[in-house]
Amino acid sequence: MQLDDLYRRVIMDHYKNPRNRGTFGDDAVTVNLNNPTCGDRISLQLIIEDGVVKDARYTGEGCSISMSSASMMTDAVKGKTVGEALDLADRFSKMMKGGDAEFDDYEDIEALSGVNKFPARIKCATLAWNALKKGIE
Ligand code: ZN
């Protein structure tokens, strides 16, 4: 898989130095999802109060795409309202469909834009975002 060098560096940085990896107590909203085609699995926990995603953490294992995406997603949605978080998820899914997407509020996410050229990996990249949507519902 050939990705732009800069993008690759951003992805590997999130993979090797994951943000927000860990768990909260049992009170947090918990979503477990997996992507059987690649073997990725994620357990996402969200703390949502007054319509705001106060905090987000995840554990799991999988390829660099799925894990870096989870790291970026949890970082990007912290402090956002539920509506803003869903808007981010929406923009991410457009980007995976080949659309233009800008993430001025969290530019690292754009590093995953090249994944849309590799259909088999799109599920890796969207796993964390699907977990987010499920958790907010
Ligand atoms: Zn994967």
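Preceding this paragraph is the structure being described.
Residues numbered from 1 in each chain as written. Predicted model: local features only at pLDDT ≥ 70, side-chain atom pairs only at ≥ 80, totals over all residues. Heavy atoms only, no water.

Engineer: What am I meant to see in the packing of aromatic side chains here?
Structural biologist: Geometry of an aromatic ring pair is reported as the spacing of the ring centres plus the angle between the planes. Evaluation of the coordinates by the stated rule reveals 1 aromatic pair. Both rings, one in Phe92 and one in Trp129, keep their centres 5.0 Å apart while their planes meet at 15°; by these two values the pair is stacked. Pair noted here: Phe92 is in helix H3 (residues 82-96) and Trp129 is in helix H4 (residues 119-136), with a separation of 37 residues, a long-range link. Residue classification places Trp129 among the buried positions, given a relative accessible area of 2%. (Phe/Tyr/Trp six-rings, centres within 6.5 Å; stacked < 30°, edge-to-face > 60°. Helix = DSSP H or I, 4+ residues; strand = E, 2+ residues; numbered from the N terminus. Buried < 20%, exposed > 50% of the residue type's maximum accessible area, 1.4 Å probe, protein only.)

Engineer: Is there a simple way to think about the coordination of the zinc ion in this case?
Structural biologist: For a metal with four tetrahedral donors the ideal donor-metal-donor angle is 109.5 degrees, whereas six octahedral donors ideally subtend 90 or 180 degrees. With distances of 2.2 to 2.7 Å, the protein atoms coordinating the zinc ion are Cys38 (SG), Asp40 (OD), Asp40 (OD), Cys63 (SG) and Cys124 (SG). When the donors of the zinc ion are listed by position in the chain, the intervening gaps give C-x1-D-x22-C-x60-C. Note that Cys63 is positioned in the loop between strand S3 (52-61) and helix H2 (64-77) and Cys124 in helix H4, a separation of 61 residues in sequence. Pair check on accessibility: Cys63 and Cys124 agree, each one buried. (Donors = N, O, S within 2.8 Å, 3.2 Å for Na, K, Ca; no water.)

Engineer: What am I meant to see in the pairing of S3 here?
Structural biologist: Two faces belong to every sheet, and in a regular strand the side chains alternate between them. Relative to S3, strand S2 (residues 40-49) runs antiparallel, the two being bridged by 9 bridges. Each bridged residue has a counterpart across the sheet, and for Leu44 the counterpart in S3 is Tyr58. In sequence, S2 turns back onto S3 through a hairpin of 2 residues, with Asp50 there showing a positive phi of about 50°. (Pairing = 2+ DSSP bridges.)

Engineer: Please explain the pattern of salt bridges as it appears in this structure.
Structural biologist: Pairing between side chains of opposite charge can happen when the charged atoms of each approach one another. In total, this model carries 6 salt bridges according to the counting rule given. As a salt-bridge pair, Asp55 and Lys78 come within 3.9 Å of each other at their nearest N and O atoms. Of the two residues, Asp55 sits in strand S3 while Lys78 sits in the loop between H2 and H3, which places them 23 residues apart along the sequence. Via salt bridges that share partners, Asp87, Arg91 and Asp105 belong to a single interconnected network. (Salt bridge = Lys/Arg side-chain N within 4 Å of Asp/Glu carboxyl O.)

Engineer: What exactly am I supposed to notice about the sheet that holds strand S1 (residues 29-35) here?
Structural biologist: Adjacent strands of a sheet pair through backbone hydrogen bonds, lying either parallel or antiparallel. Spatially, S1-S2-S3 is the arrangement adopted by the 3 strands of the open sheet, whose pairing is antiparallel. Sheet topology places S1 and S3 at the edges, where each strand pairs with a single neighbour. Averaged over neighbouring strand pairs, the angle between their axes works out to 20° when direction is ignored. Here H2 sits on the sheet in contact with S2 and S3, set at roughly 165° to S3. In the packing of H4 onto the sheet, contacts are made with S1 and S2, and the angle to S2 comes to roughly 35°. (Axes fitted to C-alpha atoms, helices over the stretch in contact; angles between N-to-C directions. Contact = heavy atoms within 4.5 Å.)

Engineer: Help me understand the nonpolar core in this model?
Structural biologist: One broad rule of soluble globular proteins: the nonpolar side chains tend to lie buried together. Core analysis: the biggest nonpolar cluster contains 40 residues, and Ile42, Val77, Phe92, Ile109, Leu112, Trp129 and Leu132 have the highest contact counts within it. Of all the elements in the fold, those that place two or more residues in this core are helix H1 (5-16), S1, S2, S3, H2, H3 and H4. Beyond its immediate sequence surroundings of up to four residues, Leu112 is in contact with Ile11, Ile65, Ser68, Ser69, Met72, Phe92, Met95 and Met96. (Core = buried A, V, L, I, M, F, W, Y, C linked by side-chain atoms within 4.5 Å.)

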